[in-house]
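Letter by letter, the chains look like this.
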Amino acid sequence: MATSIDLVSLERPQEMTVNTQDENRRPLLSIRDMTVEYRGRGGSAKAVDRASLDIFPQEVVGLAGESGSGKSTLAYAACRLLRPPAVITAGSTIYGGGQFSKSPRDIFKMNDDELTSLRWKEIAIVFQSAMNSLNPVMKIGAQLRDAMDVHLNLSKSQAEAKVEEVLDMVGIPRDRARSYPHQLSGGMRQRVIIAMALVANPKLIIMDEPTTALDVVLQREILSQIVELKERLGFAILFITHDLSLMMELTDRLAIMYAGRIVEIGETQALRSNPLHPYTRGLLASFPSIRGARRELSGIKGAPPSPLDEIIGCPFAPRCSFIRPSCSEVSMKLEQLDRVDPTHLSTCPFEAGQGDFVELEKIKGGPDE
């Protein structure tokens, strides 16, 4: 796991916390039963299997898991950005509405013009290894104006002013617009990519491991800036990373992904204090805490299953310390196991007890039944 970063000092106003139980709130993006396969001569590899996830306005949702768990594939599939040999075999993505549409729309049913209107204006992406994706022979300002030419109807003077505005937002001197990417540090290039994502004032930004290639000092600076921009501009974030320590300080809700499936989801502090799935427990035990008493790091033995293999029951069972015969019959359906918090869901049908997992009757009517 990557080195832990302390973001506690980044005070996030309480009024920005999203109550996902408010029936009047509509998800900004709703992914339902998404299944994605990569098809080739050797067979079909199921990268995402029946994954569902809601993102509400102005909240930060984390998507965490080991490399290869399907995090990026799920996000790109939701925006129809996957190319062959990837095939979406099931599922839907409903965009809740904004500048593009006042009513919910199924992204999978949009035509090319509608997708162009949706992307960047409503949903922007900071891609993995983004700081290396800038065009090396174009100046920074020209690359930002290119993005504006595609998605915004601005005059030359308006575009120049917008370039200066977004550079100011991410803390880059305006004269750097005349620089080439190689003349910028890694952190500044990463900020340029974030600025490019902000040019059309989107409602949702998907950040796919935006700080992985940076040292811990630059990571903290950029994450501080992301938090400040989110509070100022009011966009939602889907933050993808394998570094659970970052998630714990940055996100409102957290989804844990393993072998193409979301195995646990809930408010971040609930997952920190009461992890319901053994895989979540393993992730939490595999990175050091920067506060409190010293503890032994345990990690998770073994390796994830091959996406080419047919999985029966719980895919984590071969690596689980609490495995039992009934694990081969687990339906992998997210259900409420937390007797207090109805938003805290897990696919493991057992409950964490005194260092073990015990049989748990399904909760039907809440804690009083």
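Computed from a predicted model, the values in this text were never measured in an experiment.

What counts and how
Residues numbered from 1 in each chain as written. Predicted model: local features only at pLDDT ≥ 70, side-chain atom pairs only at ≥ 80, totals over all residues. Heavy atoms only, no water. Helix = DSSP H or I, 4+ residues; strand = E, 2+ residues; numbered from the N terminus. Buried < 20%, exposed > 50% of the residue type's maximum accessible area, 1.4 Å probe, protein only. Phe/Tyr/Trp six-rings, centres within 6.5 Å; stacked < 30°, edge-to-face > 60°. Lys NZ or Arg CZ within 6 Å of the ring centre and 35° of its normal. Salt bridge = Lys/Arg side-chain N within 4 Å of Asp/Glu carboxyl O.

**Q** Looking at this model, I keep getting lost on the environment of Gly171. Mind explaining?
**A** Inspection of the secondary structure assignment puts Gly171 in the loop between α4 (156-169) and α5 (186-198). Overall, the relative accessible area of 52% leaves Gly171 in the exposed class. Through-space distance from the C-alpha of Gly171 to that of Val192 is 9.5 Å; in sequence the pair is 21 residues apart.

**Q** Teacher, can you tell me more about the packing of aromatic side chains here?
**A** Within a pair of aromatic rings, the relevant descriptors are the distance that separates the centres and the angle that separates the planes. This model, assessed by the stated rule, comprises four aromatic pairs. Residues Tyr258 and Tyr279 carry aromatic rings whose centres are separated by 4.5 Å and whose planes lie at 55° to one another, so their mutual orientation is tilted. Of the two residues, Tyr258 sits in strand β9 (residues 253-258) while Tyr279 sits in helix α9 (residues 278-284), which places them 21 residues apart along the sequence. Both residues of the pair, Tyr258 and Tyr279, belong to the buried class. Taken together, a centroid distance of 5.3 Å and an interplanar angle of 90° make the contact between Tyr258 and Phe316 edge-to-face. Taken as a pair, Tyr258 in strand β9 and Phe316 in the loop between α9 and β11 (335-336) lie far apart in primary sequence, 58 residues in all. Both residues of the pair, Tyr258 and Phe316, count as buried. One aromatic cluster in this structure is built from Tyr258, Tyr279 and Phe316. Just above the ring of Phe350 sits the side chain of Arg324; from NZ or CZ to the centre is 4.3 Å.

**Q** Just to check I follow, could you spell out the pattern of salt bridges for this structure?
**A** Two side chains with opposite charge may pair up if their charged atoms get near one another. Counted by the stated rule, this structure contains 15 salt bridges. Here Arg105 ties to Glu114 by a salt bridge, and the two come within 2.8 Å at their closest N and O atoms. For Glu249, the salt bridge identified is with Arg272, shortest N-O distance 3.3 Å. Linking Glu249 in helix α7 (residues 244-250) with Arg272 in helix α8 (residues 268-273), this pair joins segments that are 23 residues apart in sequence. Residue class for Glu249 comes out buried when judged on its relative accessible area of 19%. For Arg272, a relative accessible area of 36% corresponds to the partly exposed category. Residues joined in a network through salt bridges with shared partners are Asp49, Arg50 and Arg261.

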